[in-house]
Every structure is written in structure tokens, then in C-alpha cells.
Amino acid sequence: MLKKTKMHYERGNRFYYYIDENVSLWSDKPVIHNLPLDYTLIAHASLKEIKRVACGKKISKEMRITNENILSAVEEYLLRCVKYLKNLGTLDAAERVSRIITEKSRNMEDALQRILIWNQFLHQSGHTLMGLGRLDKILDRYCEGLSNKETEDILTDFCICLHRHYIFKSQALLGDTGQLIVLGGLEEDGSYFCNNITGALLDIISRLNLPDPKLLLRVSASMPRKLAAKACSCIVKGNGSPLLSNDDLIIPLMQEFGYEKEDTYGYCTSACWEPLIPGKTMDQNNLDNVIFAGPMADFLNVLEQSKYQNFESLLNDYCKEIEKQAKRCAESASAIKWKEDPLLTMFYPDCLMYGRDISEGGARYNNYGLLSVGLSNTADALLNIKKAVYEEKKFTLQELKDVMKQEEIFKKLSSVSPHFGDDSDIAVQVSQRLFDAAKAGIADVRNSFGGRFKIGLSSPGYVDCGKKIPETPDGRRAGEPLGVHISSMHGQAYTELVSFAASLDYSRGGFNGNVVDIMAAPSFIENNFEKFVDFLQFGIKRGFFQMQMNVVSSSILLEAQKHPEKFTGLIVRVWGFSAYFNDLPEEYKNLLIRRALQNEGKV
């Protein structure tokens, strides 16, 4: 592959970075992806040192020969790059690439150049949605001696490079590149880590206003308010970054699940939000969706008042259906056979130690993850049944399906309270019962490596899965999108939604991404900035799991839909990534507009 790869240098940038989009590897088996490498060795060491680690005497002969062949091809490619850059007269870039072969990194520029080179290799070898890891932590040793401006200039060039090949890197939708940079984080001694790079990257993404790369900020109650304010300043720009991930909740949950304490403090996430340990886990975290509303149509067809004398018996049986569905999803995922992957294996110490490829379970952790969608719709539907059938006795269970065909009554179903997202005991209890049923379904399932399953309440499937689901008794019509993550569909205050999310129990494997998804008008935050920082700190202490925001008004979205040529730079948050509004399918645009209108109380 590398022998056929062409070269191209973008003049004006200090780094060499080019992906030959016409030369890439293809596989007939699933390729391990959607995780960040541990870039520590790549960023600091020479290729010579990587060879020493990956091809040492303790490495099995077969693996050593494979690694030697890969690294020899890399060296040959780098020498070609050096010759090409020298011929162009770009001597600084040529020297920086040349040092990769025999010298450790001298400075931040050297380290970032090495990360970019291996980022190229990953994309061309079919490893999609690969994150960048904790760059502020990895690059910390190079901060000394650099001014804030020098740091920002270097990182700006790096981010501009990463944004290249945006379409090639995108997966299901444009913008879905997986190029996530993780910042900040709680340390094992209870202190909070951040440095000049943390703040610089927040400022850069705010200023560049690009959808990619994207940022995840690990937050904690011990995080400095100044950094929280900087994060809010970035959020209000409307580019969707950073996603906020609460260490105070996530780290203990990972330890409870079985990850070693020391490892959990270095956690990153998959391309969007699913926690994992870089360099030690092959966790594939979005293998299938549990659709909470999936059994609803069949369930409604067989409802009998005589069988369900009370709401509790009905809820119990529905939860059993969710448990069965989750178990089926996990058992199906367990059968996946992965493509042998010597490139990734080379950067996993446990794989090298035991001579086992990452595709064969050689990593320290080999867990799988499921996503889920439609909890809000299902909880609301069941709460409506509880109120209308069992409490107010407006109609019987047998009459429910016919009642749903009456337009006037069907519309009213969406306004019945309490709702998912309300700070209400019963709303929390019903939501938790459904979530617990899904967790119970996967609890005893093991994948082919003996790894466990985890699940979360966030998913990219709310549009596509919704297309398959008939109307539900929460007022949602057949085929319409399901609820987005943990979000407000009924105008709940932000504090109430956060309190609801913080009341849910994510233990026993329920930590595979649980994002509170907020729509906010820019003027609301700008006019109440300090209060918004207060809200963020309140939410962290209250215990939200993760949070992301779309900061855009309905009027802007409506205008952009009518006149896209006037809004070519408008960025919105989708799933767990950012994208240009104009690049989205109409169904996603319509959903964002509807949610913005709901947030503003206009529908």
C-alpha cells in the first residue's frame, strides 16, 4: 500500500500530511475500529525505538517478522517523503519527517508530525473513526519553553491538517470522522489535570469554527472554574465542541465493571462517547442497538385488561421483552469474527507480550458495547398508559389501539405528564426499570474472548431506527425519529433534565455513553454567561454522565434550510459529532428544527 501511495504537500503548513484516497486496504471481514490508539510511543519515540519494542527478542518469531516487515515499509515510505520534501525545498518539513526514523521527538512539532503520519496510515489501512486520545496529556512534556502564542500556532496548523480529507474520513454521514481529541481529566490523587494545551485547543476550535476535529473535555467537580468558562465560550460558538464527560461518575463505574483502577484514570472514548482504555482495550462499543420501542406494536396487539389488572404487571412483561431483545443483540454480536490486525497489535503491549493478535483477544480488555434508542418514547408511552388506563380510566387496554387512531386524542398523548426528563419519581422509576431490563439481558452474555457487554442510552440510530417503528402511545407517529439520547421533548428546564439524568443508575454495565443532549439559543447563553457556567458546574456535581449542546436558534435553522447558500459555515451537533448543516439529509435538518422550536416553546 505505502509503495503505491502518492505524495502531496500543502504549502504554508509546517506539517506534512496527505492521505492518498485512491490507495487503501480493503477487507472482507470487519476491521477493528472506532477507538483511539495510545499515541504515547508514537509521539515521543523514533521508528528505531518502535522497532525495538515491537520486534524485540521476547516477541514471538511470527509476530516479530510481521512487525519488521510493516516497519520497514514505513521507513521506506518516510525516506520517500523526505526526498520529496527536499525536492520541493521545504527543508524544515523534510528534517522533521527524517527525524522520525532515528531520533526521539525534540519538541511539540515533532510529536504532532508523528501522530499525523500514523493517522494517515490508519485511515488508508481501513481503520475508520480512530480518535487522537488525550493530546494535552501526551504533549505535556513539550509545553515548557513555548509561549501561549507559539503553542496555539503549532496546534492550529495541526488541527487544519486533521480537517483535510474530511469527506474521505466521514462514515455514515459527512462529519462522522471519529477524530476526537480528549482533554483534561481527573488524576488518581484527586487533582485535576489540564495545561496550556487544554485551553489552547478549546480556543482554536472556537476560533477556526470547523466541525472536525472535535473535542471531548473530561470534567470534574475539581475542575477550575476558569476552564469551565473557557469550555462554555467554545460551546456558545455553536460548533458542537466540547462534549463534556463526567469523570466523577464514569471512572468509578469503569472500576466497578472490572477495569483496573490505574487504567480508568487514562480513559478516552470511542468516536463519540463510549468510554474505553486506549492502548489496552479492543472494546468495540457500538455493535447494535437495543430499541426500547421495538416491542411496543406487538405488545399493544395482545394487551388484555384481564391479564394486566394493574400497571405493574404490564410493566413487568414489557421489561421482559426488552431483556430478551438485549440478550439477542449481545449474542449476535458475540459471533463477529474480526480481521487480523498486525498494525494495531503492534501498539498494544499485552498483544506483544502474549504473542496474540488484537483480533484474537490479545488486548488486556476485550469487552463489547451496545447502544440503545427510544427510551424516552417508551417511558412516555407507558406513563401515558398508566395514567389514562389505570388512574383516570378513560379507556381500557383493548380500546387503546383504536383510541390511537383518533387524531385529536393521539395529538394529546404527547402532552400528558409526567414525562421522561421530568424530575419526577415515577418518570425516573419507569425509565430505570426499562434500562435495568436491558442491562439484565446482557449481564450473563460473554463474547468469544470472554469479554463482557455494556450498554448506554445514547445512539446514532434515532432517525434510522425510528423509520422501522409504528406509532407509539407517546404521540409519536409511525416512522418518525425516536428521542435523541437523554433530551427534552417537552420543554423541561435544563436543570430539571440534568437532575433527571443524574437520578438514573448507570451501574452494572450501563456506562456505554449516556449523553444529555441540549438545544440552546445563542442569545440565552450569551446573556446569562456566568449563570450558564454555574449551571455546568451544578450539573457536574449533580452527576450528569455526559452532556453536549446544539447552540443555534430555530430561526437560523429555518433560514438555512431555505437559503443554504447563505449558511455554508453553519455547524450543528449530530449523534456525537459535528457537521455542516447543509451536508445533512433533510430528515436530520427537520429534526433539529423541530427540537429548536420545542426548546423555544414555539411548538
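Residues numbered from 1 in each chain as written. Predicted model: local features only at pLDDT ≥ 70, side-chain atom pairs only at ≥ 80, totals over all residues. Heavy atoms only, no water.

Caption draft 1: Main features of the overall build of the chain. Secondary structure assignment for the chain yields 25 helices and 16 strands. By the compact-globule yardstick of 25 Å for 603 residues, the chain fits well, its C-alpha radius of gyration being 25 Å. C-alpha atoms of the chain, sized along the principal axes, occupy 80 × 55 × 45 Å. The burial tally for the chain puts 61% of its 603 residues in the buried class. Taking all contacts inside the chain whose residues are at least 6 apart in sequence as the whole, residues at least 24 apart take part in 77%. When the accessible surface of the chain is split by element, carbon and sulfur atoms take 49% of a total near 23400 Å². Looking at the chain, you have 73 positive and 77 negative side-chain charges, and the mean spots of the two groups are 3 Å apart. (Helix = DSSP H or I, 4+ residues; strand = E, 2+ residues; numbered from the N terminus. Rg over C-alpha atoms; globule rule 2.2 N^0.38 Å. Buried < 20%, exposed > 50% of the residue type's maximum accessible area, 1.4 Å probe, protein only. Contact = heavy atoms within 4.5 Å. Areas by Shrake-Rupley, 256 points an atom, 1.4 Å probe, with all protein chains shown as cover. Lys, Arg positive; Asp, Glu negative; His and termini not counted. Charge placed at Lys NZ, Arg CZ, Asp CG, Glu CD.)

Caption draft 2: Broad picture of empty space enclosed by the protein. Scanning all chains against the criterion turns up four cavities of 30 Å³ or more. Here the largest cavity defines a volume of roughly 70 Å³. When residues of the lining of the largest cavity are assigned to their parent elements, the largest contribution, four residues, is made by helix 25 (residues 586-599). For the lining of the largest cavity, the residue count by class is seven nonpolar, one polar and three charged. (1 Å grid on protein atoms, 1.4 Å probe; cavity = no way out; pocket = protein on both sides within 12 Å on 5 of 7 lines; lining within 4 Å. Points joined across faces, edges and corners; volume = space filled by probe spheres on them. Nonpolar A, V, L, I, M, F, W, Y, C, P; charged D, E, K, R; others polar.)

Caption draft 3: Main features of the sheet that holds strand 12 (residues 486-487). With mixed pairing, seven strands are arranged side by side in an open sheet as 1-2-5-6-14-13-12. Either end of the sheet is taken by a strand with one partner, and the two such strands are strand 1 (133-134) and strand 12. Each of strand 12, strand 13 (515-520) and strand 14 (546-551) touches helix 25; the most contacted strand, strand 13, lies at about 75° to it. (Pairing = 2+ DSSP bridges. Axes fitted to C-alpha atoms, helices over the stretch in contact; angles between N-to-C directions.)

Caption draft 4: Structural context of the layout of surface pockets. The volume enclosed by the largest pocket comes to roughly 560 Å³. Together, 25 residues line the largest pocket, and Asp38, Thr40, Pro278, Gly279 and Lys280 are the ones closest to its centre. Of all the secondary-structure elements, those providing two or more residues to the lining of the largest pocket are helix 1 (40-44), strand 1, helix 6 (135-138), helix 12 (261-264) and helix 16 (349-354). Residue composition of the lining of the largest pocket, grouped by class: 14 nonpolar, four polar and seven charged.

Caption draft 5: Inspection of the pairing of strand 13 at higher detail. A large share of strand 13 lies buried, amounting to six of its six residues. Residues of strand 13 alternate between two faces, with Val515, Asp517 and Met519 on one and Val516, Ile518 and Ala520 on the opposite face, all of them buried. Crossover connection from strand 12 via helix 21 (residues 494-503) to parallel strand 13: handedness right-handed. In this sheet, strand 14 lies alongside strand 13 in parallel orientation, the contact comprising six bridges. Paired with Val515 across the two strands is Gln546, which belongs to strand 14. (Right-handed = clockwise from strand over helix to strand, strands pointing away.)

Caption draft 6: How the structure looks around the pairing of strand 15 (residues 571-574). Burial along strand 15 is two-sided: Ile571 and Arg573 and Val572 and Val574, pointing in opposite directions, are all buried. As defined by bridge partners, strand 15 adjoins strand 16 (residues 577-580) across four bridges and the pair is classed as antiparallel. Following the sheet pairing, Arg573 is matched in strand 16 by Ser578. Hairpin connection between strand 15 and strand 16: a loop of two residues separates the two successive antiparallel strands, and Trp575 in this loop has a positive phi of roughly 50°.

Caption draft 7: Seen up close, helix 5 (residues 108-124). With 17 residues, helix 5 should reach 24 Å at 1.5 Å per residue; the first-to-last C-alpha distance of 25 Å fits that figure. The backbone nitrogen of Glu109 lies 3.2 Å from a side-chain oxygen of the residue at the head of helix 5, namely Asn107. Immediately beyond the C-terminal end of helix 5, within one or two residues, lies Gly126, with a positive phi of roughly 90°. (Expected span 1.5 Å × (residues − 1). Polar contact = N/O pair within 3.5 Å; in protein donor to acceptor, adjacent residues only side chain to side chain.)

Caption draft 8: Geometry of the nonpolar core. Core analysis: the biggest nonpolar cluster contains 167 residues, and Trp118, Leu139, Phe158, Leu314, Leu434 and Met547 have the highest contact counts within it. At 10 residues, the largest contribution of residues to this core is made by helix 14 (residues 311-334). The next biggest cluster of nonpolar side chains, apart from the first, holds 42 residues, and it includes Val373, Cys465, Ala560 and Ala579. (Core = buried A, V, L, I, M, F, W, Y, C linked by side-chain atoms within 4.5 Å.)

Caption draft 9: Geometry of the environment of Lys230. Tracing the backbone shows Lys230 in helix 10 (residues 225-235). Lys230 gets classed as partly exposed once you look at its relative accessible area, which sits at 26%.

Caption draft 10: Up close: unusual backbone geometry. Each neighbour pair has its own omega, and for Asp212 with Pro213 the value is 0°, a cis peptide bond. Following the sequence through the fold, Pro213 ends up in the loop between helix 9 (196-208) and strand 5 (214-219). Pro242 follows Ser241 through a cis peptide bond whose omega is 0°. Tracing the sequence through the fold places Pro242 in the loop between helix 10 and strand 6 (243-246).

Caption draft 11: Region of interest: the sheet that holds strand 11 (residues 453-455). Taken together, the three strands give an open sheet; going across it, the order is 9-10-11, and neighbouring strands pair in parallel fashion. Each having just a single partner strand, strand 9 (289-291) and strand 11 make up the two edges of the open sheet. Strand after strand, the sheet turns through a mean of 30° between neighbouring axes, direction not considered. Bridge count for strand 9 against strand 10 (residues 368-373) is three bridges, and the pairing is parallel. Bridged to Asn289 within strand 10 is Leu371. Here helix 14 sits on the sheet in contact with strand 9, strand 10 and strand 11, set at roughly 165° to strand 9.

Fair warning: the whole summary comes from geometry, so function is off the table for now.
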